Amino acid sequence: HTAILPVSGPLTYTWEATGQPGQTRVISEPVDTAVFTWTMPGARAVTVTVTGPCGTPVSDTHRATVTSGDHLVHLPLVSRNAP
């Protein structure tokens, strides 16, 4: 499930994933995507934090178990228009 709400001003997206370097982007779009690759199976967590012009961060964490083989996991992102 992905919700896209109207947002004005730049948004800072900070992505953190188990065993991966973090990724930060500042864009004006209400949706962002990050790609992480793991070579070993195991439990993983991906957290995205979005900070808008009001300065209040909103975070969401998704957990998954990586198994052997090639798999793509598409995580939903919910963004909201902060006052």
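In this text the structure is predicted, and so the values were computed from the model without any measurement.

Peer 1: How would you explain the environment of G55 if you had to name every residue and give the values?
Peer 2: Of note, G55 is situated in the loop between β3 (42-51) and β4 (57-66). Linking G55 and L11, residues 44 residues apart in sequence, is a C-alpha distance of 9.5 Å.

Peer 1: A description of the sheet that holds β3 should follow, citing residues and the corresponding values.
Peer 2: Taken together, the 4 strands give an open sheet; going across it, the order is β2-β1-β3-β4, and neighbouring strands pair in antiparallel fashion. Two strands in the sheet have a free side with no partner beyond their single neighbour: β2 (23-27) and β4. Direction aside, the axes of adjacent strands within the sheet are offset by 15° on average. As defined by bridge partners, strand β1 (residues 11-17) adjoins β3 across 6 bridges and the pair is classed as antiparallel. In the strand pairing of β3, Y13 is matched with V50.

Peer 1: Describe the pattern of salt bridges, with residues and values.
Peer 2: Counted under the stated rule, the structure contains 1 salt bridge. Between D32 and R25 there is a salt bridge; the shortest N-O distance is 3.2 Å. Look at D32 and you get buried, because its relative accessible area is 11%.

Peer 1: So, the nonpolar core: which residues are in play, and what are the values?
Peer 2: Ranked by size, the top nonpolar core spans 9 residues in total: L11, Y13, W15, A17, A34, F36, V46, V48 and V50. Here this core takes 4 residues from β1, the largest share from any one element. Non-local contacts of L11, meaning those with residues more than four positions away in its chain, are made with R25, V26, I27, E29, P30, V50, T51, G52 and P53.

Peer 1: Any details on the pairing of β2? Residues and values, ideally.
Peer 2: Strand direction decides the pairing type here: β1 and β2, joined by 5 bridges, are antiparallel. Across the sheet, the residue bridging to L11 is I27, located in β2.

Peer 1: Could you give me a rundown of the side chain of T47, with the residues and numbers involved?
Peer 2: Here T47 is to be found in strand β3. The class of T47 is buried, set by a relative accessible area of 16%. One polar contact links T47 to T61, side chain to side chain, over a distance of 2.7 Å. Look past the residues within four positions of T47 in its chain and what remains in contact with it is T14, W15, E16, D60 and T61.

Peer 1: Now, about the pairing of β1: what can you tell me, with residues and values included?
Peer 2: Because side chains alternate across β1, one face comprises the buried residues L11, Y13, W15 and A17, and the other comprises T12, T14 and E16, none of which is buried. Hairpin remark: β1 followed by β2, antiparallel, with 5 residues in the connecting loop; positive phi at G19, about 70°.

So, how was this worked out
- Residues numbered from 1 in each chain as written.
- Predicted model: local features only at pLDDT ≥ 70, side-chain atom pairs only at ≥ 80, totals over all residues.
- Heavy atoms only, no water.
- Helix = DSSP H or I, 4+ residues; strand = E, 2+ residues; numbered from the N terminus.
- Pairing = 2+ DSSP bridges.
- Axes fitted to C-alpha atoms, helices over the stretch in contact; angles between N-to-C directions.
- Salt bridge = Lys/Arg side-chain N within 4 Å of Asp/Glu carboxyl O.
- Buried < 20%, exposed > 50% of the residue type's maximum accessible area, 1.4 Å probe, protein only.
- Core = buried A, V, L, I, M, F, W, Y, C linked by side-chain atoms within 4.5 Å.
- Contact = heavy atoms within 4.5 Å.
- Polar contact = N/O pair within 3.5 Å; in protein donor to acceptor, adjacent residues only side chain to side chain.

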